[in-house]
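Close look at the chain arrangement
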Amino acid sequence: PCYVVLKTHEGDSTTKTEIGCSEAISISGFTPATVKSGDELTIAGDYLNLVGEVIFTDRVSVAKVNFISQSRTQIKLLIPAEAQTGQIAVSDAEEDPVIVYSATNLTVKLPVFTSVTPNPVKAGTALTIAGTDLDLVKSITLGGNKTITTFTSQSAAQIVFTVPADTRDGKVTMIPASGVRIVSADDLVMVVPTVSVTPVTLKNGQDITVTGTNLDLVDRVIFGGNKQGAIKDGGTAAQILVTVPDDAVTGAVKFITKAEKEVSGPVLTMINPVLVSFTPTSAKPGTDIAISGTDLDLVVDVMFTGPIKGNIGTRTETSMAVTIPVGAKTGRIT
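No experiment lies behind these values; they were computed from the predicted model shown.

To continue, consider the pairing of strand S34 (residues 311-315). Alignment of S34 against strand S35 (residues 319-323), held across three bridges, turns out to be antiparallel. Bridge pairing in S35 links Ile312 to Val322. The hairpin formed by S34 and S35 contains three residues between the paired strands.

Turning our eyes to something else, we now look at the sheet that holds strand S17 (residues 153-154). One open sheet accounts for four strands, arranged S13-S14-S18-S17; its pairing is antiparallel. Where the open sheet ends on each side, the last strands, each with one partner, are strand S13 (112-117) and S17. With five bridges joining them, S13 and strand S14 (residues 126-132) adopt antiparallel strand pairing. By the bridge assignment for S14, Thr117 is matched with Thr128.

As summarised here, the arrangement of the five strands in space is S22-S29-S28-S24-S25, forming an open sheet in which the pairing is mixed. Among the strands making up the open sheet, the edge pair consists of strand S22 (201-202) and strand S25 (227-228). Across two bridges, S22 lies against strand S29 (residues 262-270) in parallel orientation. Bridged to Leu202 within S29 is Met270.

By size, the foremost hydrophobic cluster in this structure holds 23 residues, and its most contacted members are Leu41, Ile43, Val54, Phe56, Leu77 and Leu106. The set of elements that each furnish at least two residues to this core consists of strand S3 (26-31), strand S5 (40-46), strand S6 (53-57), strand S7 (60-63), strand S9 (74-78) and strand S10 (84-91). Beyond its immediate chain neighbours, meaning those up to four positions away, Leu41 contacts Phe30, Thr31, Pro32, Val35, Phe56, Ile75, Lys76, Leu77, Ile79, Ile88 and Leu106. Counting residues in each nonpolar core, the second largest holds 21 residues, with Phe151, Val172, Met190 and Ala259 among its members.

Parameters and conventions
Sequence order sets the numbering: in each chain, residues are counted from 1 along the sequence as written. In keeping with the model being predicted, local features are shown solely for residues with a pLDDT of at least 70 and side-chain atom pairs are shown and tallied solely at 80 or more, while totals for entire chains, interfaces and linings include all residues. Hydrogens and water are ignored here; the side-chain numbers use all heavy atoms of the structure. Two strands make a pair as long as DSSP finds a minimum of two bridges between them. Note on conventions: DSSP H or I runs of at least 4 residues are helices, E runs of at least 2 residues are strands, and numbering of each starts at the N terminus. Residues enter a nonpolar core if they are buried and are Ala, Val, Leu, Ile, Met, Phe, Trp, Tyr or Cys, with the set joined through side-chain atoms within 4.5 Å. Buried, partly exposed and exposed residues are distinguished by accessible area as a fraction of the type maximum, computed with a 1.4 Å probe on protein chains only: under 20%, between the cut-offs, and over 50%, respectively. Working rule for contacts: check all heavy atoms of both residues, and any pair within 4.5 Å makes them a contact.

Below you can see the structure in the form of structure tokens.
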């Protein structure tokens, strides 16, 4: 900026105000039109020597200190990992910046799926993604919002990683440094166990033997009455033992994996105790009666008419001694 001085035969005449000097930054083009993170980009234009930063979509900036080279007509720089497809802009990086945008979009390559195998997949085993530009992927999200950032192997053509045990059915999503989400066309389906149960008629507290495939995926076993059983240690993918809860009732048994997938088993019939007889049939409170029957080891309470609970003494599966409580009335025993 400067004052303008008019030279005449009568002397100089100077303007009262300064004239501004316009150096209009412009972009005439860039090459290549399609790039990948880490590629070199050349921007052509005018007054590019005044540029303080180059801005990519979405608000990803490269400062001039990181330019490969810079002149009035050209800037060379590397594509940042976070850049996305869209217009690029140059700025003088002043407090009130001048920003000039490109007329066309820069295309930034993204990872592409070609296959996901195997599908269905067993939790805890390896999953392989094949495609292009997979070296750009920073994380992968599976069903159940499971995020994987550590891969067994990674190249531009393939990624291999272990599927978390609690992964659920859903899309596979690849996320590069730019944050753009690339979603698979098909859902990844989690393998479920196959089950066979013996015995199907049993007592509470007894074990069931479960045979089949992929039983190592089973996380919970639910019996009738929505009661959870206890899976014993030492099980394998082909066989597990499960203890029936004391308060389970007759009903279908269900097997649930960590992926929350449910497999229905057979209806299990819970054996109930049977009261055959008791002696004596007439007695005073405080004395014992002897109850005979079957599966009396399952009995928790003996109720006399009142209702009042008696005190259970010695017993076996077929006999049981019970003390008549004070306050009991004549009537049935439950």
